[in-house]
Amino acid sequence: MRSHSVSERESLSPISLPQSENQTQSPISNSIAVTPKRASGGFALLDSLLRHGVEYIFGYPGGAILPIYDDLYKVEATGSIKHILVRHEQGASHAADGYARATGKVGVCFGTSGPGATNLVTGIATAYMDSIPMIVVTGQVPRASIGTDAFQETDIYGITLPIVKHSYVVRDPKDMARIVAEAFHIASTGRPGPVLIDVPKDVALEEFDYVPVKPGAVKLPGYRPTVKGNPRQINAAIQLIRESRRPLLYVGGGAIAANAHEEVKQLAELFNIPVTTTLMGIGAFDEHHPLSLGMLGMHGTAYANFAVTDCDLLICVGARFDDRVTGKLDEFASHAKVIHIDIDPAEVGKNRVPEVPIVGDVKHVLTDLLRRCQSANTKATPNQNQEWLNLIHRWREEYPLEVPHHADSMSPQEVIVEIGRQAPTAFYTTDVGQHQMWAAQFLKNGPRRWISSAGLGTMGFGVPAAMGAKVAFPDEEVICISGDASFQMCLQELGTLAQYGINVKTVILNNGWQGMVRQWQQAFYGERYSCSNMEVGMPDIEFLAKAYGIKGMVIRHRDELKDAIAEMLAHNGPVIVNAQVTRDENCYPMVAPGKSNAQMVGLPKQAPKTAVEPVYCSHCGTKNQPSHNFCAECGTKL
């Protein structure tokens, strides 16, 4: 895939260049046709990025990438692109990731060779695990020095092979435009993912006759993602849905990537199918909708986990049967037939063999399925699923998510609920741990407004990802929910927030622990809390924020919470809030490793139900509830 030909060349340049004698008016679209122009490899890279709609680059300079940054200096002066200087390359990759998740566009980050490139690895792996489109550009030592153990040389191409969708080392600057066009096409089509472009220093410096490549003009033999689903399989899926009495939609991040939110809603409403989502799928279905069951899995809602255990048809849409969702795999939806819709054929049948596999883009497949249902006037018959919905409703009432209210401390759930109440439409990013699960349980998110590291579970993701989302949507509220341990993984990015005035609000649920580690040590390791307490060495977060020139706040008591969140949201600038919460709160429900989803611990204790005697009608003998004043059958006064 690294040496494919280019089928079409494009001559428009988005960088404002002076009209010269080598420019002629094109007969098409009033564009300026440019004959080959001497340019450096660095210029070709930046010009190609601009052609693909890149507005922001997150990065950190260094020796091997300096030629590219020198060209960037000139390009930035035109106002056509903006570079955000992070304080650590990992922050650059997470910011590009957050930008991509919030917008659906391809995020871009830069890093230099050696340690700069290796600092990007965690962010690349995070994007790869969650199928996020991203272009990662790294500097490299000159071509002649590759393989000599030169200063700051690492084989970043080889290091990242397992965690990228594709990768390139640019050996000739003439290939730059083609490589960038291919990289964007690969990153953003099919199952999205990160693509690495490694640029040797001398390639970036070398001048050549530069001819741009039009976005989308490349053709890659052997890379043709399946978009349309097989019609026979779609018809088979419709038949299973019509026959089902206990169907369940299980929706993952693929529905977000495909922008299939409306199609998921239409399918759910057409057949009255309850919907549960993975951590990555949060926002794909309106969580205020009566058919929404919230998240399923290890810390999912009890009613979602009971539903997936008892359903007779599981419709998997853009999900991959991850172990944190399935629990004990052979007991996951063990009574159900499975329809699996996914664009990646490698995922279909990998963990669970479906009765109806459909490979294709989720939006296209659901659109075709709905069209076929409408043309055949197919929908759920009246009351077809009513018994199933009644059962789920009973589970909702018996096993709700609970918000603890302790007499002497503030629970983390209270903080999250209050934030969600005051900022219901915000973009939310999270770090990883208990706070992430509580946020997933209690926040109600819209499409692309939930941004969290799911597959890799990367601590330190939240703040830089929020930077990327806020840069993309400067007029929207962006809030990071973090923990005291996760926050310290990338706290140097407070410098980036301060430099650019990026108005991100960060709320730290501070319990003095690596919270999820402590919970597991309590539950599975005999309460041996090895290296999980964070109190010793904990910085004064309010003063730390002020040291960066950022507003810092502390919430110690419940009666301060409402006003403090309002003050945070009203402040015009970044804010760090240290919310001191209950030290030993655990995240429930919880499915223990190796257990089925129905075997949850931490469910609400059910109050014993008092037996009540029915009242029989003296006229017709019908059994009535004791609260009734008149017989439901004949109307006689009881």
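A brief structural summary.

Thresholds applied
Residues numbered from 1 in each chain as written. Predicted model: local features only at pLDDT ≥ 70, side-chain atom pairs only at ≥ 80, totals over all residues. Heavy atoms only, no water. Core = buried A, V, L, I, M, F, W, Y, C linked by side-chain atoms within 4.5 Å. Buried < 20%, exposed > 50% of the residue type's maximum accessible area, 1.4 Å probe, protein only. Contact = heavy atoms within 4.5 Å. Axes fitted to C-alpha atoms, helices over the stretch in contact; angles between N-to-C directions. Helix = DSSP H or I, 4+ residues; strand = E, 2+ residues; numbered from the N terminus. Parallel < 35°, antiparallel > 145°, perpendicular 65-115°, else oblique. Nonpolar A, V, L, I, M, F, W, Y, C, P; charged D, E, K, R; others polar. 1 Å grid on protein atoms, 1.4 Å probe; cavity = no way out; pocket = protein on both sides within 12 Å on 5 of 7 lines; lining within 4 Å. Points joined across faces, edges and corners; volume = space filled by probe spheres on them. Pairing = 2+ DSSP bridges.

## Quick word on the nonpolar core
Item 1. Core analysis: the biggest nonpolar cluster contains 45 residues, and F58, V136, I451, F487, L494, L497 and I576 have the highest contact counts within it.
Item 2. Dropping the residues within four chain positions of it, I451 is found in contact with G98, R101, A102, F427, Y428, T429, T430, F461, A465 and A469.
Item 3. In this structure, A44, I68, I197 and Y210 belong to the second largest nonpolar core, which totals 43 residues.

## Observations concerning the packing of helix α3 (residues 89-103) against helix α5 (residues 121-129)
Item 1. The geometry of α3 relative to α5 is characterised by a closest axis approach of 7 Å and an angle of 25 degrees between their N-to-C directions. Overall, the two elements α3 and α5 adopt an arrangement that is roughly parallel. Facing Q90, S93, H94, D97 and R101 of α3, the residues of α5 in contact are T122, G123, I124, T126 and A127.
Item 2. Grouping the constituent residues of the contact of α3 with α5 by class yields two nonpolar, six polar and two charged.

## A word on empty space enclosed by the protein
Item 1. In this structure the tally under the stated criterion is two cavities of 30 Å³ or more.
Item 2. If you go around the second largest cavity, the residues you meet are V275, T277, F285, E287, S292 and G294.
Item 3. Elements with a contribution of two residues or more to the lining of the second largest cavity: β12 (275-277) and β13 (292-295).
Item 4. Here the lining of the second largest cavity is composed, by residue class, of two nonpolar, three polar and one charged.

## Regarding the sheet that holds strand β18 (residues 450-451)
Item 1. Pairing in this open sheet of six strands is parallel, and the strands run β18-β17-β19-β20-β22-β21 from one edge to the other. On the outer flanks of this sheet lie β18 and β21 (551-555), each paired with one strand and no other.
Item 2. The sheet contact formed by strand β20 (residues 504-510) and strand β22 (residues 575-580) spans six bridges and is parallel. When the bridges of β22 are listed, T506 appears paired with I576.

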